[in-house]
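# Topology and contacts: notes
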Amino acid sequence: MKHQAGQLSRFLMVGLLAFILDGVVLSLLVYQFLVPPIFSRIISCTLALLVAFYLHGRFTFQAIVSIRSLVKYGGLQGVSACLNVLAYSLWLGYGFSYGAPIVGLIIGSLLATLCNFLGNKFYVFQDVQLNAPTGH
């Protein structure tokens, strides 16, 4: 259980770092280099996702990062983004009278974070652990 808590805390730290990187790069591109906001967002988000992928692999899950795990990670990001938007949309459709859209954002973000953690642990990096037992 201690191992799981350590992975989860490292996962959240990497997520926070990627979020900060995303915001800093986005702000620099838009305000310092006058790059259009949509193009800036594509660049900043892509960079943040690549950094998060590498750090999750090496730091969070002590795994070998590869092109294969990067492709799996990209697919997982697509699934979690859809889950996030679906939860948000359901909140707006069925629960909006109980709170502001920010509640839907929080619910969607929490579900996407859980999906990402479990997906990274059991799908993206599960078969490439650096310290995996060898069975001897």
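Refer to the structure presented above.
Let us look at the structure shown here. All of these numbers come straight from a predicted model, not from anything done at the bench. (Residues numbered from 1 in each chain as written. Predicted model: local features only at pLDDT ≥ 70, side-chain atom pairs only at ≥ 80, totals over all residues. Heavy atoms only, no water.)

### Here we look at the packing of aromatic side chains
Keep this limit in mind: To pair, rings of Phe, Tyr and Trp, with the six-membered ring standing in for Trp, must have centres within 6.5 Å; the planes then decide the type, stacked if under 30 degrees apart, edge-to-face if over 60, and tilted in the middle. For helices the rule is a DSSP run of H or I covering at least 4 residues; for strands it is a run of E covering at least 2, with both sets numbered from the N terminus onward. In this scheme, a residue with accessible area under 20% of its type's maximum is buried, one over 50% is exposed, and one in between is partly exposed, where area comes from a 1.4 Å probe on protein chains only. Both a distance and an angle decide whether a charge sits over a ring: NZ of Lys or CZ of Arg must be within 6 Å of the ring centre and within 35 degrees of the ring normal.
By the definition in use, this model includes five aromatic pairs. On the numbers, 5.8 Å between centres and 25° between planes, the contact of Phe-53 with Phe-125 is stacked. Here Phe-53, found in helix α2 (residues 37-60), pairs with Phe-125, found in the segment after α4 (101-124); they are 72 residues apart in sequence, far enough to count as distant. Under the relative-accessibility criterion, Phe-125 is labelled buried at 0%. Here the aromatic cluster, defined as three or more aromatic residues joined through ring pairs, consists of Phe-11, Phe-53, Phe-61, Tyr-73, Phe-117 and Phe-125. The ring of Phe-59 has Arg-10 lying over it, and the distance from NZ or CZ to the ring centre is 6.0 Å. The ring centre of Phe-122 lies 5.5 Å from the NZ or CZ of Lys-121, which sits over that ring.

### Focus on the packing of helix α1 (residues 2-32) against α4
Put simply, the rule is: Working convention: axes come from line fits to C-alpha atoms, limited for helices to the stretch in contact. Angles between N-to-C directions cover 0 to 180 degrees. For classification, angles of less than 35 degrees are called roughly parallel, those exceeding 145 degrees roughly antiparallel, those between 65 and 115 degrees roughly perpendicular, and all remaining angles oblique. Take the far helix as the reference: if the near one is turned anticlockwise from it by less than a right angle, the crossing is left-handed, and if turned clockwise, right-handed. Two residues qualify as a contact provided that any one of their heavy atoms is within 4.5 Å of a heavy atom in the partner residue. When residue character is reported, Ala, Val, Leu, Ile, Met, Phe, Trp, Tyr, Cys and Pro are called nonpolar, Asp, Glu, Lys and Arg charged, and the others, Gly included, polar.
Contact geometry for α1 and α4: axes closest at 11 Å, N-to-C directions at 120°. Here α1 lies oblique to α4, going by the angle between them. Between α1 and α4 lies a crossing of right-handed hand. Each of Gln-4, Gln-7, Leu-8, Phe-11 and Leu-12 in α1 lies in contact with α4, whose residues at this interface are Thr-113, Asn-116, Phe-117, Asn-120 and Lys-121. When its residues are assigned to classes, the contact of α1 with α4 shows four nonpolar, five polar and one charged.

### Quick word on unusual backbone geometry
Even without glycine at this site, Leu-34 takes up a positive phi of about 55°. Tracing the backbone shows Leu-34 in the loop between α1 and α2. Note on Leu-34: relative accessible area 70%, which makes it exposed. With a phi close to 45°, Gln-62 is a non-glycine residue in the positive phi region. Here Gln-62 is to be found in the loop between α2 and α3 (67-95).

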